[in-house]
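Structural overview
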Amino acid sequence: MGQIDITFPDGNVKAFEAGITPAEIAAGISNSLAKKAISANVNGAHWDLQWPITENAAVAINTMKDDEPALELIRHDLAHIMARAVQEIWPDVKVTIGPVIDNGWYYDFDREEPFTPEDLGQIEAKMKEIINRRDPVTTEIWDRDRAVAYYEANGEPYKVELVGMIPEDQPIRMYWHGHWQDLCRGPHLQHTGQVPADAFKLMKVAGAYWRGDSDRPMLQRIYGVAFKTRQELKDYLTFLEEAEKRDHRRLGREMGLFHFEEVAPGSVFWHPHGWQLFQTLIGYMRRRQEAAGYVEVNSPDIMERALWEKSGHWENYRANMFLAQTQDDRDYALKPMNCPGHMLIYGQGVKSYRDLPLKIAEFGKVHRYEPSGALHGLLRVRSFTQDDAHIYCTPDQLTEECLKINDLILSIYSDFGFEDVRIKLSTRPENRIGSDESWDRAEDSLRTALDSAGHDYTIFEGEGAFYGPKLEYVLRDAIGRDWQCGTLQVDFNLPERFGTTYVTQAGAREYPVMLHRALFGSLERFIGILIENFAGKLPFWLAPRQVVVASIVSDADDYVYEVVNALRERGIRAEADIRNEKINYKVREHSVGKVPVILAIGQREVEERTVTVRRLGEKQTKTVTLDEIVADLAVEATPPDLA
RNA sequence: GCCGCAGUAGCUCAGUGGUAGAGCGCACCCUUGGUAAGGGUGAGGUCGGGAGUUCAAUCCUCCCCUGCGGCACCA
């Protein structure tokens, strides 16, 4: 073998025999580095210490100080160690795949018996045992037939299938953790003892389809989380607890916003305070849309089958629709979308190119028979209110209209404090209507709009709606979670299906292009997101209960009402609390209820015509005059678009 | 829809093959108290629904419904 040049991170270049491994290079540098090494970066690729380097390369040796490779390797090795532990305890369990995911890993198993929480404890103990054995991790490349024969002999059908999926030009790589072996592309650590034994935890077991396909067998997936240190693990578990405290289902109850019932799974019963918030959002959106040139309409909730056949929903969406049959045997459906209704409104009278773009908006309540397992609080429901609109325009206007919507969405999210927004572009799905040419045009126009707005986006092939491609707006909340909200879809199909046209300048009849868009997406979901993002502490203008005026002594009752009335006159949502309770009690109760401002009134305030202000989350109180607080809160209560 | 777990008072939960308990909340009484739960008394439950086993089921078995965690699907 010849010589190769290895370039080190400090710029030094050194010649080695071709085929040298990073482990050998590390050993040549120092004994301690050889021990501490976990992997290497070779020309940017994450490289196992055992893999030979055969050409000139830039090489960096990684240790546990390098977060990214360290976490990747810890989690990946733990996946193997867990699978090994499971097979040591239950030798007949079949193994499948076990990738690294955010904060940890999972591994899917095929086993008759379900894993129990007690099993997880047993597995975890076995894993620690394996780590303490400090088993060497070794790798070799196998012949394809040998790998298949091996897995067939060992009763591992899933592995046989995985071997078959590896492209012909790629090696079949095996990894050994001691005596236990798994098909794996690597890289891995030097030995199991490099995994921190006190910084991982098995979290839960759940069902998962083999290869993510609902037609294939259901496996059992065990999830684990892992970090470099015990402290990081603890921090992560604390983070999960914090996230749980933000759960909108729990806060919704504590704040008295809404509830659900068994008789209406996935449908919200809005309580007065929740409905107040709902209406505040609609009021805001109504103003924004009106300013952007939209007109608002309302279309029927139940329409006959013939309409849904015409729109294509009967063919493509019926499984998700609530159907209604009348005594005289007529088929109706509750609308799952507003677009067909808007088509009929557009279709009234003759439209001219002068009428375009026509922007028809509706706060329409749609019903979708979502799979039972998908339901989740406000975030996934079966009946929800969209801030929906359809924009009819000429092909020439298309890109500009997309851009305007993009601007509007981002401006609106910003008003709620969401500045970090990602965009997903979903292209034509298998189940679809319309010609390939119209799909080409539709997808192109979305791309063009995004490109000219200079906004990054990710493409999701085959994820579009059945009538057109779509953009989806995903916003990141205060603790880094992503939520899908708004959507923008281009549709060349519905106007043709409904035969709706406009008269061009030249007097011809042409089909308009149609844009479907929702900015909040669903009011229900958006409210759920707001609650979680703000942990219930909504901005003052959104808070359904803005001010509670609480008496400290009953002699203050009259003045309490005077304060409440003064606030209400300025449109502030204020209520009195003159119950026979101590101020401590009232403060606690309204704090739990997430009321942003509590005004306490005792003898002193009555005499001085002041109020003592306590803001949610602040221990400090402040006494100001009645006039002052009314003026201040009136400013705070102003929605951002009117400020 | 699929896998697993769960469903007992308004909420959070304990409990038992012989028809149930706590704390909070609620009602009433005492207390007028200065910023996250003052004290007392009391009311309140078809133990998710249906069938079965049993002398007897809230408890055991089966079916269904709903919820929770994932998967699949989606705003």
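As shown above, the structure is provided for reference.
These lines cover the structure that appears in this document, whether it is placed above or below. Because the structure is a prediction, the values reported are computed rather than measured.

**Section: the packing of aromatic side chains**
Each aromatic ring pair is specified by the distance between its two centres and by the angle formed by the two planes. Enumeration according to the criterion identifies 26 aromatic pairs in this entry. Both rings, one in phenylalanine 258 and one in tryptophan 270, keep their centres 5.6 Å apart while their planes meet at 70°; by these two values the pair is edge-to-face. Highlighted residues: phenylalanine 258 in strand E14 (residues 258–259) and tryptophan 270 in strand E15 (residues 269–270), separated in sequence by twelve residues. As far as the burial class goes, phenylalanine 258 and tryptophan 270 line up, both buried. Among the aromatic residues, ring-to-ring pairing joins Tyr284, Phe416, Phe418, Phe520, Phe526 and Trp541 into one connected group. Lying across the ring of tyrosine 106, arginine 221 places its NZ or CZ 3.6 Å from the centre.

**Things to note about the packing of helix H13 (residues 398–415) against helix H14 (residues 436–453)**
The contact between H13 and H14 brings their axes to 9 Å, and the two run at 55°. The orientation of H13 relative to H14 falls into the category oblique. Where H13 crosses over H14, the handedness of that crossing is right-handed. In contact with Leu398, Thr399, Cys402, Leu403 and Asn406 of H13, H14 contributes Ser445, Leu446, Thr448, Ala449, Leu450, Ser452 and Ala453. Looking at the contact of H13 with H14, its residues break down into seven nonpolar, five polar and no charged.

**A closer look at the pairing of strand E21 (residues 383–393)**
Remember that side chains alternate between the two faces of the sheet whenever the strand is regular. Most of E21 sits inside the fold, with eleven of its eleven residues counted as buried. Burial along E21 is two-sided: Ser383, Thr385, Asp387, Ala389, Ile391 and Cys393 facing one way and Phe384, Gln386, Asp388, His390 and Tyr392 facing the other are all buried. When strand E20 (residues 358–367) meets E21, the two strands line up antiparallel, connected through ten bridges. Across the sheet, residue phenylalanine 363 finds its bridge partner in E21, namely aspartate 387.

Calculation notes
Residues numbered from 1 in each chain as written. Chains lettered and ligands numbered in written order. Predicted model: local features only at pLDDT ≥ 70, side-chain atom pairs only at ≥ 80, totals over all residues. Heavy atoms only, no water. Phe/Tyr/Trp six-rings, centres within 6.5 Å; stacked < 30°, edge-to-face > 60°. Helix = DSSP H or I, 4+ residues; strand = E, 2+ residues; numbered from the N terminus. Buried < 20%, exposed > 50% of the residue type's maximum accessible area, 1.4 Å probe, protein only. Lys NZ or Arg CZ within 6 Å of the ring centre and 35° of its normal. Axes fitted to C-alpha atoms, helices over the stretch in contact; angles between N-to-C directions. Parallel < 35°, antiparallel > 145°, perpendicular 65-115°, else oblique. Left-handed = near helix turned anticlockwise from the far one by under 90°. Contact = heavy atoms within 4.5 Å. Nonpolar A, V, L, I, M, F, W, Y, C, P; charged D, E, K, R; others polar. Pairing = 2+ DSSP bridges.

Taken by themselves, the reported measurements are silent on function.
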